[in-house]
Each structure stands twice: as structure tokens, then as C-alpha cells.
Amino acid sequence: MTRKPKILTFDVVGTLIDFEQGMKNALSKVLGAANNTLDFEAFLTEYRVLRNRSDKLLFPEDLAPIYLSLAEKFNLPTGHGEEKVFVESAVSWPSFSDSVKALKRLQKHFHLVAMTNARRWAFDSMDKTLEAPFFKGFTVDDSGSEKPDPDYFTYVLDQLALEGYTKDDVLHVAQSQFHDIGIARKLGYTVCWIERRKAVGGGFGGTVAVQELTVPDYHYLSLAELADAADCGELIIVS
């Protein structure tokens, strides 16, 4: 049995919001002219290891201890609140160049729902950056858990059930294999992988790495490609 999805659930940071560029901008601010000597890809590699610590704070507040942990290795300044600048930069992280236009196109076909590990204070700014495209928006403050915890997905599905939707109505869209694609697939969702890192040479960048990639139902390199597929009626859910 096939049907068109009614809901697109979205990871936000890394899929719609370019957190890598946002962090790079923040580092430029604290480093000034010295920023030219920073190996940003090496920084991202170390960052993603620390991002997956079990004792971490909620995102993006966990960026403060991460910054301080990496400061000595990458010769980053400390002592004047630089780690706070790094955290607070989340409110001004840019969207990917295609996000806003593609989301407007997708709104014509589906209800759009945000599922982010970011705290509400950060998501509210990201939502404004994206020009408020979401029917519903769920944060780590709402769910009490972080993806890839299945409880996060259960919480969102329970909330959508109040609106009359089931898992069979949902296509989950994300760039993170670790936080989203792998676990959503295991939970029986139809999934769409937006491989954002392909445009900058592939790899995992600042996203937690996985040993094996999960094969998604749909695979695009940009959100614009997803919108093209939606406009052509190519997106379906098989159940």
C-alpha cells in the first residue's frame, strides 16, 4: 500500500540550519585575524567526538565546555567569556542557501514539523531565520530526551496523534545518520537523507559519525532536490 505523506518532520541543525558555518563565524569573531591559521575541518573532527559525550549539557549550552576543551589544542582564546560567545552564536547561525525557499515550496504539499535537539531559546531564533515554516516545533525541552533516543520520536508521534496523524503519515527528513536516519529507520519511519556534507567533500564534519550508513528511502544532496521531488509528486510512503 502506498500513500503520500501528510507530515514532513525535520531535523533542524545541520539539515536546515548550517551549524558548521555558524560555528565557523563564531570562531572568526573570537579569533579575529588569527582565524586564518585554524584548521576548521580538524576542529570539526574533534568537536563531533566531544558532542557525543554522555555527561554533556543540553545543546547548544554544551558548546561552552566543548570550546574550553578544544581551546588549548587549537590555540583558542579563553578568559574573557569566549565560550559564551560560542554558545550564544546559535541564535544567529545561518540557514542553508536553499532552506527557506524549499520549505515554502514544501509547505504547499505537507504540514512541516521541527524535531530538534536544540533548546527552545535557540530553536525560536532558528525558526525566525527559516521564516517560521513549521506547523509544530518540538525541542529537547519538550521531549525531555535527545535524538537518537527512541523516546524523542515517541513523544513527537504522541503529540501528532492528538492532531489525528500516525507514523504512516510521516516522512522524516534529516542529514544526521547518527541522530535521525538510523534510528528513524529502525522505528519504522520512511526516511529522507539530505546529504549536506557532500557539497564540501563528504565525511561527517561536525556530525557524530556512524560505522555504517543506513540506506534511506530517499536520498538528496539538497533540500531543493526534495522540494523538486515533492512538486513532481514523487514522494510516497510504502506500508
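What counts and what doesn't
Residues numbered from 1 in each chain as written. Predicted model: local features only at pLDDT ≥ 70, side-chain atom pairs only at ≥ 80, totals over all residues. Heavy atoms only, no water. Helix = DSSP H or I, 4+ residues; strand = E, 2+ residues; numbered from the N terminus. Rg over C-alpha atoms; globule rule 2.2 N^0.38 Å. Buried < 20%, exposed > 50% of the residue type's maximum accessible area, 1.4 Å probe, protein only. Contact = heavy atoms within 4.5 Å. Areas by Shrake-Rupley, 256 points an atom, 1.4 Å probe, with all protein chains shown as cover. Lys, Arg positive; Asp, Glu negative; His and termini not counted. Charge placed at Lys NZ, Arg CZ, Asp CG, Glu CD. Phe/Tyr/Trp six-rings, centres within 6.5 Å; stacked < 30°, edge-to-face > 60°.

Structural notes on the overall build of the protein
Looking only at helices and strands, the protein features 10 helices and eight strands. Expected size for 239 residues packed as a compact globule is a radius of gyration near 18 Å; at 18 Å, the protein falls within 12% of this value. Structurally, the protein occupies a C-alpha span of about 60 × 35 × 35 Å along its principal axes. Taken across its 239 residues, the protein has 51% of its residues classed as buried. Contacts in the protein between residues at least 24 apart in sequence constitute 69% of all its contacts with a sequence separation of at least 6. Of the roughly 11000 Å² that the protein leaves accessible, carbon and sulfur atoms contribute 50%. Across the protein, the centroid of the 26 positively charged side chains sits 3 Å from that of the 34 negatively charged ones.

Quick word on the side chain of histidine 179
As for its placement among the helices and strands, histidine 179 is situated in helix 9 (residues 177-186). The class for histidine 179 is buried, based on a relative accessible area of 14%. Histidine 179 has contacts with Asn117, Lys147, Pro148, Phe153, Thr207 and Val208, leaving out every residue within four places of it along the chain.

Here we look at the packing of aromatic side chains
Taken as a whole and judged by the stated rule, the model has 13 aromatic pairs. Consider the rings of phenylalanine 123 and phenylalanine 134, whose centres lie 6.0 Å apart with planes at 40°: the pair is tilted. Of this pair, phenylalanine 123 sits in helix 6 (residues 120-129) while phenylalanine 134 is found in the loop between helix 6 and strand 4 (136-138), placing the two residues 11 residues apart along the sequence. Phenylalanine 134 carries the same exposure label as phenylalanine 123, and that label is buried. With 5.9 Å between their ring centres and 90° between their planes, phenylalanine 138 and tyrosine 155 make a pair best called edge-to-face. Within this pair, whereas phenylalanine 138 is found in strand 4, its partner tyrosine 155 is found in helix 8 (residues 150-161), the two being separated by 17 residues in sequence. Residue phenylalanine 138 is classed as buried on the basis of its relative accessible area of 7%. An aromatic cluster is defined as three or more aromatic residues linked by ring pairs; in this entry it consists of Phe40, Phe43, Tyr67, Phe74 and Phe86.

Purely geometric numbers; function is a separate question.
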